[in-house]
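Understanding the architecture of this molecule
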Amino acid sequence: MKLDFEEVGVTDLGKSYGPTLALAGVDLRFTAGTVTVIRGANGSGKSTLLWLLALLAHPTKGAIRYGRYGVAHADDLRGRIGFVAHQLQLYPGLSGRENLVLAAKLQGISYANERAEALGEALGVGEYWDRPIRTYSRGQAQRVSIARALLHEPRLLLMDEPATGLDVKSTDSFVGLIEQEKQRGAIVVVVTHEAKFANAVGDRILQMERGRIVEPAP
Amino acid sequence: MNVLRAAWLVALKDLQLELRTKEILTSTGLFAVLVVTLGSLAFYTDPVSSPNVAPGVLWISILFCGILLIGRSWALERENDAVFGLLMSPIPRASIYVGKTVSALALLFTIELLLVPLCMVFFQIEPRGILFPLLALVFLGSIGFVSTATLFSAVGIRTRARDLMLSVLVFPLVAPALLASAVATRELFAGATTTEILGWMRILTAFDLLFVAFGVWVSRYLLSET
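Residues numbered from 1 in each chain as written. Chains lettered and ligands numbered in written order. Predicted model: local features only at pLDDT ≥ 70, side-chain atom pairs only at ≥ 80, totals over all residues.

1. Overview of the packing of helix α5 (residues 93-122) of chain B against helix α6 (residues 131-155) of chain B
Residue and element names in this part refer to chain B. Operational definition: Every angle, taken between N-to-C directions, lies between 0 and 180 degrees, and every axis is a line fitted to C-alpha atoms, over only the stretch in contact when it is a helix. Counting from the N terminus, the helices are DSSP H or I runs at least four residues long and the strands are E runs at least two residues long. Less than a right angle of anticlockwise turn of the near helix away from the far helix marks a crossing as left-handed, whereas a clockwise turn marks it as right-handed. Note on contacts: residues are paired as contacts if their backbone-placed C-beta atoms lie within 7 Å. Classification convention: Asp, Glu, Lys, Arg as charged; Ala, Val, Leu, Ile, Met, Phe, Trp, Tyr, Cys, Pro as nonpolar; all other residues, Gly among them, as polar.
For the pair α5 and α6, interaxial distance at closest approach is 9 Å and the crossing angle is 140°. Handedness of the α5/α6 crossing: right-handed. Side by side, α5 and α6 meet where Y97, K100, T101, A104, L105, L108, F109, E112 and V116 of the first sit next to L134, L135, V138, F139, S142, I143, V146, S147, T150, L151 and A154 of the second. Taken together, the residues of the contact of α5 with α6 break down into 14 nonpolar, 4 polar and 2 charged.

Have a look at this one:
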């Protein structure tokens, strides 16, 4: 079942790992066609928020709604979420092409090879396309990771430090790519430390501290 | 996507990785051969005593080799957090468990196809009439063990004490299946016919069904939280 939603809302969202409070009650709304940048110091809860939105963890309290759908539809909602995590989440022994084709098949894309090929070309991974990921530089692997997140044209695109390892030219084309996703109607949430990158892509910039949104004030 | 299609993709990916590197087959296969070789040398056996010793050596070898193999297979998933790429896909959680179990079984069966004849040669056991029932026993015994070990390895993705957990939880859980396998193998080596060990095979099949069904059911909960 292909679910769709125009808005993602979190209400009083909290997450604890044992005695450590990672997220202390966050209320936010993300709407289609906007890019939200979240900034904050290490351990402020940014990545935890992304993991919860990516349905890779359960909140300790509060709720997340994807339009009219809740987490009970997690398996189907994952087909509408793309996630560029800080770790690459790619198989080092497989080539860039094989990683993308596998991801496309798992997403149920019938034209997996063509889609992987097209995205690989768009992100300029052609020259090292058939080499194992373990031979890639961080920036090259990051591009494959970004391509993997975009394969299924996700409605919600989550990115944790996506510009890590990218050179100036790649970062510029990546900013253009985020703009394209925004125009397509994606809900984009980016976690980054880089102020210049944040200003270049963000429609709104939020600051997190100790598991809460502190700027702009709630 | 249905469970079987997604499981097939997961298993195929594992086998593709292994075909490229042959890392798991080489390391665990060599280890298994070494255990059987050492066993045959350490226990001074003759054609009368070897049927009593061989089943223990064979199953210890399969057990350790299987644990190594499954541990290595999940280590590939932890590298780069690659498993979260799978977890982000809109596939049933059970398909990841089923896929990993199938690929581990395929690799273990490959090693067993080498190990069983080798064990018979080293322990001077006449293969005529028992080779196929023995292979069937070994395969049946492996299914229950691999399905349980895979399940606990899946839980161990985020556990530091994953190796300890495997030893502490998996071995006691699969002990009944392993004991049944070892006893049936001993009887087969001692001259029992296939019909005579059919009861053990039924017990093993029941264990396998139970372990696999439990794994499929519980994996959707175990793999849903990080």
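2. Some thoughts on the packing of helix α3 (residues 96-106) of chain A against helix α1 (residues 3-21) of chain B
Here is the rule we go by: In these notes the angle categories are as follows: under 35 degrees is roughly parallel, over 145 is roughly antiparallel, 65 to 115 is roughly perpendicular, and the rest is oblique.
Relative to each other, α3(A) and α1(B) sit at 165°, their axes nearing to 10 Å. On the basis of the axis angle, α3(A) is roughly antiparallel to α1(B). Here the hand of the crossing between α3(A) and α1(B) comes out left-handed. Judged by residue contacts, L102(A), K105(A) and L106(A) of α3(A) engage A6(B), L9(B) and K13(B) from α1(B). The class makeup of the residues in the contact of α3(A) with α1(B) is 4 nonpolar, no polar and 2 charged.

3. Points about unusual backbone geometry
Negative phi characterises most residues that are not glycine, and trans characterises most peptide bonds. One non-glycine residue, L55(A), lies in the positive phi region at around 65°. Inspection of the secondary structure assignment puts L55(A) in the loop between α1 (46-53) and β4 (61-66).

4. Observations regarding the environment of L4(B)
With respect to the element layout, L4(B) can be found in helix α1. A sequence separation of 116 residues divides L4(B) from M120(B), and the C-alpha atoms of the two residues are 36 Å apart.

5. Details of the sheet that holds strand β1 (residues 7-17) of chain A
In a beta sheet, neighbouring strands are held together by backbone hydrogen bonds and run either parallel or antiparallel to one another. Residues and elements named next belong to chain A. To keep things clear, this is the line we draw: Pairing between strands is defined by DSSP: at least two bridges between them are needed.
What the 3 strands build is an open sheet, ordered β2-β1-β4; its pairing is antiparallel. Lying at the two open borders of the sheet, with one neighbouring strand each, are β2 (20-31) and β4. When the angles between neighbouring strand axes are averaged without regard to direction, this sheet yields 15°. As judged from the 5 bridges shared by β1 and β4, these two strands associate in the antiparallel manner. Paired with V10 across the bridge in β4 is I64.

6. So, the sheet that holds strand β9 (residues 212-215) of chain A
All names here are of chain A. An order of β5-β6-β7-β3-β8-β9 is seen for the 6 strands of this open sheet, with the pairing classed as mixed. The open sheet is flanked by β5 (81-84) and β9, the only strands paired with a single partner. Sheet twist, expressed as the average angle between the axes of neighbouring strands with direction ignored, equals 25°. As paired strands, strand β8 (residues 204-209) and β9 are joined by 3 bridges and run antiparallel to one another. Following the sheet pairing, M208 is matched in β9 by I213.

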